[in-house]
Amino acid sequence: MTERDTTTLRRTEPSTGQGDDDDGVAHIVMKDDQMKGYITGEPIRALCGKVWVPTRDYQGLPVCRACSDERDRIVAGMKNLN
Ligand SMILES: [Zn+2]
């Protein structure tokens, strides 16, 4: 992967808040949303609130800490219900 050059170029462009895919982390999304994003190309929302269009395989990237925290919260909430 040599995406450094494009990353540098993108910094000079105004951010739209969407489609910025250079976090270097894997965000956690609901499976349905993830599939929708891949199929329709629509922006999806991660657990941490980030909205972006998934365009590549995120395997091997470190998991977004905010997403991980949120997932723990959700799992804890499910346990409380049972
Ligand atoms: Zn995240």
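See the structure printed just above.
It should be emphasised that the depicted structure is a prediction, and the values quoted were computed from it without experimental measurement. (Residues numbered from 1 in each chain as written. Predicted model: local features only at pLDDT ≥ 70, side-chain atom pairs only at ≥ 80, totals over all residues. Heavy atoms only, no water.)

Draft legend 1. A look at the pattern of salt bridges. Scanning all chains against the criterion turns up two salt bridges. Residue Glu 42 is joined to Lys 36 by a salt bridge in which the shortest nitrogen-to-oxygen separation is 3.8 Å. A salt bridge links Arg 73 to Glu 70; its shortest N-O distance comes to 3.0 Å. Residue Arg 73 and its partner Glu 70 are both found in helix H3 (residues 65–81); the two are separated by three residues, about one turn of the helix. We classify Arg 73 as exposed; its relative accessible area is 54%. (Salt bridge = Lys/Arg side-chain N within 4 Å of Asp/Glu carboxyl O. Helix = DSSP H or I, 4+ residues; strand = E, 2+ residues; numbered from the N terminus. Buried < 20%, exposed > 50% of the residue type's maximum accessible area, 1.4 Å probe, protein only.)

Draft legend 2. Focus on the coordination of the zinc ion. Only His 27 (ND1), Cys 48 (SG), Cys 64 (SG) and Cys 67 (SG) from the protein reach the zinc ion as donors, at distances of 1.9 to 2.4 Å. With four donor atoms in place around the zinc ion and angles of 100 to 118° between them, the coordination shape is tetrahedral. Binding-site remark: the zinc ion is held by donors from one chain whose sequence spacing is H-x20-C-x15-C-x2-C. Of this pair, His 27 sits in the loop between helix H1 (4–10) and helix H2 (31–40) while Cys 64 sits in the loop between strand S2 (51–52) and H3; the two residues are 37 residues apart in sequence, bridging distant segments of the chain. Pair check on accessibility: His 27 and Cys 64 agree, each one buried. (Donors = N, O, S within 2.8 Å, 3.2 Å for Na, K, Ca; no water. Tetrahedral: all angles 85-135°; square planar, octahedral: opposite > 155°, others 65-115°.)

Draft legend 3. Summary view of the environment of Thr 55. Residue placement: Thr 55 occurs in the loop between S2 and H3. Along the backbone, Thr 55 and Gly 37 are 18 residues apart, and their C-alpha atoms lie at a distance of 8.6 Å.

Draft legend 4. Spatial organisation of the nonpolar core. Grouped together as the largest cluster of nonpolar side chains are 10 residues: Ala 26, Ile 28, Val 29, Ile 44, Ala 46, Leu 47, Trp 52, Tyr 58, Cys 64 and Cys 67. Leaving out residues up to four positions away in the same chain, Leu 47 has contacts with Ile 28, Met 30, Cys 67, Glu 70, Arg 71 and Ile 74. (Core = buried A, V, L, I, M, F, W, Y, C linked by side-chain atoms within 4.5 Å. Contact = heavy atoms within 4.5 Å.)

Draft legend 5. View of a nonpolar patch on the surface. On the surface, a nonpolar cluster with roughly 340 Å² of combined accessible area is contributed by Met 35, Tyr 38 and Ile 39. If you trace the backbone, Ile 39 turns up in helix H2. (Patch = residues over 30% accessible without salt bridge, like charges linked within 9 Å, V, L, I, M, F, W, Y side chains within 5 Å. Areas by Shrake-Rupley, 256 points an atom, 1.4 Å probe, with all protein chains shown as cover.)

Nothing here speaks to function; it is all geometry.
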